[in-house]
Amino acid sequence: MTEIRLANVTKTYAGGQTAVDAVDLTIHDGEFFVLLGPSGCGKSTTLRMIAGLEPISSGDLFIGERRMNEVDPKDRDLAFVFQNYALFPHLTVKGNLTFGMKLRGVPGPEQERRLAEVTAMLGLAPYLDRKPGQLSGGQRQRVALGRALLRDPVAFLLDEPLSNLDAKLRAQMRTELVKLHRRVARTIIHVTHDQIEAMTMADRICIMQDGKVAQVGAPMEVYRNPANTFVATFTGSPPMNLVPGRLEHGAVQFAGASLPVDVRASGGDVTVGFRPEDLSLVAAPARLPINAEVVAVETLGADAILVASLIGGQEVGMRVPADTALSPGQPIAVHLDPDRLRLFDPGSGKTLPRR
Ligand SMILES: Nc1ncnc2c1ncn2[C@@H]1O[C@H](COP(=O)(O)OP(=O)(O)OP(=O)(O)O)[C@@H](O)[C@H]1O
Ligand SMILES: [Mg+2]
């Protein structure tokens, strides 16, 4: 069992900047774990402390039973790909990829077999004889990823390994990484600011906000039940709609509508959250309609996002069929399933627990 565990881990840089603030995390053996969050929230710092490239200011890091704070990076048995993927400039792509296997004395035929596998997966066959200086950023990134994948570590630490790839290659690589993870059954800690990457690949996602853990959970759990408004709006595209409302006698009032809710809070001001796909257009005299007005319809191809203005002026996004023919200014009635509502404390942004 090689669980990776951070206990109350803090990183304060020399300038006094606290980049990671009292983080508790347990990454299970064999798990595809994604650290997700906006630029500057402390993802890379967290990963670099696990790798041993950045000293931990306070708290403890365990890999399995062993405390690792002072263990040299090379003795941690982790393979990493970092944002500034350093390749050996004087070696060819093939040389870069096989360097580690040579060092570890992997037999020739085995080296060739694994090289062929990773080369095919990453589409690197045409570049094997080139030097890193003769590659594009995305190609170099794939070589760095390939080099890590050719190791046999306790865990792979990947810092935005797909960031330099075009959309098509990135989608392809997401699938390849998931397949590879299933095959090798090793822990992967993958850092990204791309919520689609996190949603599609992770067993569990950790969302970071200002150096702290905002929420840890399975992708759909985080998506459906965000712990706070930050998580609610950092996931989904477009994100969760948030509008001000008021809780009274088991119902929430917002934008001229009143919907029953089941929360363990008595009353007062709340922030009402719902996802674009939880709204649907209805014929006017519907039960519990929300009245709104079309602002714009943005076609995405498979479907469209209708931007609607609610009573009170809040704009919300709703997912509608691509052939929705509505013009700006047109009045509409919208249905929202009360089960899909999420309520947040308007002060702290924290979710109000449901009954
Ligand atoms: N060597 C350093 N010295 C001082 N501050 C640093 C250092 N490295 C990072 N920071 C600061 O720590 C915070 C977290 O940085 P980090 O690189 O961990 O963020 P990140 O989540 O990986 O962001 P990105 O998505 O942009 O890569 C940032 O505010 C950053 O400016
Ligand atoms: Mg980073």
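Residues numbered from 1 in each chain as written. Chains lettered and ligands numbered in written order. Predicted model: local features only at pLDDT ≥ 70, side-chain atom pairs only at ≥ 80, totals over all residues.

Overview of the overall build of the chain
Applied cut-off: Helix and strand definitions here come from DSSP, where helices need a minimum of 4 consecutive H or I residues and strands a minimum of 2 consecutive E residues; each element is numbered from the N-terminal end. Whether a residue is buried, exposed or partly exposed follows from its count of other C-beta atoms within 10 Å of its own C-beta, namely 20 or more, 12 or fewer, or something in between, respectively; the C-beta atoms are built from the backbone. We call two residues in contact when the distance between their C-beta atoms, placed using the backbone, is within 7 Å.
The helix and strand tally for the chain stands at 8 helices and 20 strands. C-alpha extents for the chain along the principal axes are approximately 75 × 45 × 35 Å. In the chain, which comprises 355 residues, the proportion classed as buried is 37%. Within the chain, contacts between residues at least 6 apart in sequence are counted, and of these 63% link residues at least 24 apart.

Description of the sheet that holds strand S15 (residues 279-282)
Just so we agree on the cut-off: When DSSP locates at least two bridges between a pair of strands, those strands are taken to pair. In this analysis, axes come from line fits to C-alpha atoms, helices being fitted only over the stretch in contact, and the angle between any two N-to-C directions falls in the range 0 to 180 degrees.
Taken in spatial order, the 5 strands of this open sheet run S15-S19-S16-S17-S18, and their pairing is antiparallel. Each edge of the open sheet carries a strand with a single partner, namely S15 and strand S18 (315-321). For this sheet, the mean angle separating the axes of adjacent strands, direction not counted, is 50°. Looking at chain direction, strand S16 (residues 290-299) and strand S19 (residues 331-336) are connected through 4 bridges and run antiparallel. Looking across to S19, one finds that isoleucine 290 is bridged to valine 334.

Remarks on the nonpolar core
Applicable threshold: Any set of buried Ala, Val, Leu, Ile, Met, Phe, Trp, Tyr and Cys residues joined through C-beta atoms within 7 Å is what this text calls a nonpolar core. What marks off one domain from the next here is an automatic or database domain assignment.
Leu157, Ile189, Cys206 and Ile207 are the most contacted members of the largest nonpolar core, which has 87 residues in total. Taken together, domain 1 (4-232) and domain 2 (240-344) each give at least three residues to this core, which thus spans both. The residues touching leucine 157, leaving out its near neighbours within four places in the chain, are Leu47, Ile50, Ala51, Leu78, Phe80 and Ile189.

Regarding helix H1 (residues 43-51)
A large share of H1 lies buried, amounting to 8 of its 9 residues. Residues Lys43, Ser44, Thr45, Thr46, Leu47, Arg48, Met49 and Ile50 constitute the buried set of H1.

Some words on the site of ligand 1
Convention followed: Nearness between a residue and a molecule or strand is assessed with a C-beta atom placed from the backbone; a distance within 6 Å qualifies. Classification used: nonpolar for Ala, Val, Leu, Ile, Met, Phe, Trp, Tyr, Cys and Pro, charged for Asp, Glu, Lys and Arg, polar for all others including Gly.
The environment of ligand 1 is made up of 13 residues, and the closest members are Tyr13, Ala19, Ser39, Ser44 and Thr45. A per-element tally of the shell around ligand 1 places H1 first, with 3 residues. Per-class residue counts for the shell around ligand 1 are 3 nonpolar, 9 polar and 1 charged.

Considerations on the sheet that holds strand S12 (residues 251-254)
Overall, antiparallel pairing links the 5 strands, which are arranged S13-S12-S11-S14-S20 in an open sheet. Only two strands of the sheet have a single partner each, and these edge strands are strand S13 (257-260) and strand S20 (342-344). Across the sheet, the axes of successive neighbouring strands diverge by a mean angle of 40°, strand direction being ignored.

Overview of the domain arrangement of the chain
Its domain assignment divides the chain into domain 1 (4-232) and domain 2 (240-344). Taking only C-alpha atoms, the centre of domain 1 and the centre of domain 2 are 39 Å apart. The partner domain 2 presents 6 residues to the 4 residues of domain 1 that form the contact. Counted by class, the side of domain 1 that touches domain 2 contains 2 nonpolar, 2 polar and no charged residues.

Topic: the packing of helix H2 (residues 93-103) against helix H4 (residues 137-149)
Between two packed helices, both the angle of their axes relative to each other and the distance between the axes serve to describe the pair. Rule in force here: Each angle is binned into one of four classes, with values under 35 degrees roughly parallel, values over 145 roughly antiparallel, values of 65 to 115 roughly perpendicular, and all other values oblique. It is the rotation of the near helix from the far one that decides the hand of a crossing: anticlockwise by less than a right angle makes it left-handed, clockwise makes it right-handed.
It is the contact of H2 with H4, at a shortest axis distance of 8 Å, that shows an interaxial angle of 25°. With respect to their mutual orientation, H2 and H4 come out roughly parallel. Relative to H4, H2 is oriented so that their crossing is right-handed. Residues Val93, Asn96, Leu97 and Gly100 of H2 form the contact with H4, whose participating residues are Val143, Gly146 and Arg147. Among the residues forming the contact of H2 with H4, the class breakdown is 3 nonpolar, 3 polar and 1 charged.

Examining H4
Going by this rule: A helix's residues, less one, multiplied by 1.5 Å, set its expected span.
With 13 residues, H4 extends 18 Å from end C-alpha to end C-alpha; this agrees with the ideal 18 Å at 1.5 Å per step. With 11 of 13 residues buried, H4 is to be regarded as a mostly interior element. Listed in full, the buried residues belonging to H4 are Gln139, Arg140, Gln141, Arg142, Val143, Ala144, Leu145, Gly146, Arg147, Ala148 and Leu149. Where the residues of H4 are buried, they touch strand S6 (78-81), H2, helix H3 (108-122), strand S7 (155-159) and helix H5 (167-184).

Description of the pairing of S16
When S16 meets strand S17 (residues 303-310), the two strands line up antiparallel, connected through 7 bridges. Bridge assignment links threonine 299 to a residue of S17, and that residue is alanine 304. Counting the residues in the hairpin turn of S16 and S17 gives 3 residues, including glycine 301, whose phi is positive at 115°.

A word on the pairing of S13
Relative to S13, S12 is paired through 4 bridges, and the arrangement is antiparallel. Within S13, the position partnered with valine 252 by the bridge is leucine 259. Taking the residues that link successive antiparallel strands as the turn, the S12-S13 hairpin has 2 residues, and the phi of alanine 255 there is positive, at about 45°.

Remarks on the packing of H2 against H3
Interaxial distance between H2 and H3 falls to 11 Å at its minimum, and their mutual angle equals 145°. The handedness of the crossing between H2 and H3 is right-handed. Listed contacts from H3 to Leu97, Thr98 and Met101 of H2 are Gln111, Leu115 and Val118. Taken together, the residues of the contact of H2 with H3 break down into 4 nonpolar, 2 polar and no charged.

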